[in-house]
Amino acid sequence: MYRLLYPMRTFLIVSGGDEEINVMTADWVTVLSSKPFMVGVAVAPKRYTHRLIEKYGEFVVSVPTLEMLKDVWIAGTRSGSKKLEKMGASFIDSKKIATKSIGEAVANLECNLVDKRRYGDHTFFVGEVLHYTYNEAAFRNSKPNLKYNFLAHVALNEFVTFEDKIHKM
Ligand SMILES: Cc1cc2nc3c(=O)[nH]c(=O)nc-3n(C[C@H](O)[C@H](O)[C@H](O)COP(=O)(O)O)c2cc1C
């Protein structure tokens, strides 16, 4: 019943260095530390992405918006880099690692793999964020601008975005 923790934000994980590029969709992504900036992602061992993260020791967490939903769906329902032909995403060089970033994403976090551990049916990969790039309009004043339609996953093929209405304490 992991859905009890939903809705969850949805991200794209790029892997494969600069040679075997692949993208998969992942909900199970979290911040682990701010200084140093570290993130974790749970990836099932049968994913092609799992093999590539282990092989290259790096990955990129890309932040998609609603406009990228079709790509999010393809990346999350097909396995292997042939899916890239069906996707509209374009790849741009990352600054600190060989694995590419996604040009259309509103942020890209370049991660160096620092730890991994198997928990049940997933491997938790821990990455130190060596560099990040982002769309300044989408993160105005160091916070997400909700006009940018950040994606969250409800279940199966159902996604939502956030209402642009802040409740202040
Ligand atoms: C919205 C969504 C979220 C997903 N989240 C995860 C996740 O957190 N971890 C995971 O291992 N798979 C997750 N998946 C499944 C993978 O994205 C899917 O199996 C994909 O085809 C793997 O691609 P690959 O084999 O090319 O790496 C998710 C799928 C969708 C549609």
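Note that this is a predicted model, so its numbers are computed, not measured. (Residues numbered from 1 in each chain as written. Predicted model: local features only at pLDDT ≥ 70, side-chain atom pairs only at ≥ 80, totals over all residues.)

**With respect to the pairing of strand 10 (residues 122–134)**
Here is the rule: What makes two strands pair is DSSP finding at least two bridges between them. Segments assigned H or I by DSSP are reported as helices when at least four residues long, segments assigned E as strands when at least two residues long, and all are numbered from the N terminus.
The sheet contact formed by strand 5 (residues 38–43) and strand 10 spans six bridges and is antiparallel. Each bridged residue has a counterpart across the sheet, and for Ala42 the counterpart in strand 10 is Phe124. Bridge count between strand 9 (residues 107–119) and strand 10: 12 bridges; the pairing is antiparallel. Across the sheet, residue Arg118 finds its bridge partner in strand 10, namely Thr123. Between strand 9 and strand 10, which follow one another and run antiparallel, lie two residues, and Gly120 among them has a positive phi close to 55 degrees.

**Examining the site of the ligand**
Applicable threshold: Any residue qualifies as near a molecule or strand once its backbone-derived C-beta atom lies within 6 Å of it.
The environment of the ligand is formed by 20 residues, the closest being Ala26, Trp28, Thr49, Gly76 and Ser79. If you list the elements that add at least two residues to the shell around the ligand, you get strand 3 (22–26), strand 5, helix 1 (48–56) and helix 2 (69–77).

**Concerning the sheet that holds strand 11 (residues 151–155)**
Taken in spatial order, the three strands line up as 1-11-12 in an open sheet, and their pairing is antiparallel. Two strands lie at the open edges of the sheet, namely strand 1 (8–9) and strand 12 (158–161), each paired on one side alone. As paired elements, strand 1 and strand 11 share two bridges and run antiparallel to each other. Note that in strand 11 the partner of Arg9 across the bridge is Ala152.

**As for helix 2**
An α-helical turn contains 3.6 residues, so a residue and the one three or four places further along point in the same direction. Quick reminder of the rule: Burial is judged by counting the other C-beta atoms within 10 Å of a residue's own C-beta: 20 or more makes it buried, 12 or fewer makes it exposed, and any count in between marks it as partly exposed, with every C-beta position built from the backbone. This arc corresponds to the set of directions leading from the helix axis out to the C-beta atoms.
Residues of helix 2 that are buried include every one of Asp71, Val72 and Ala75, and no others. Summarising the axial view, the buried residues of helix 2 lie within an arc of 105 degrees, below the 170-degree limit, and thus occupy one face. Relative to its buried face, helix 2 has exposed residues pointing more than 90 degrees away, namely Lys70 and Thr77.

**Some remarks on the pairing of strand 3**
Where burial is concerned, most of strand 3 is hidden: four out of the five residues are buried. Of the strand pairs in this sheet, strand 2 (residues 11–15) and strand 3 are connected by five bridges, and their pairing is antiparallel. Looking across to strand 3, one finds that Leu12 is bridged to Thr25. Taking the residues between adjacent antiparallel strands as the criterion, strand 2 and strand 3 are bridged by six residues, where Gly16 takes a positive phi near 105 degrees.

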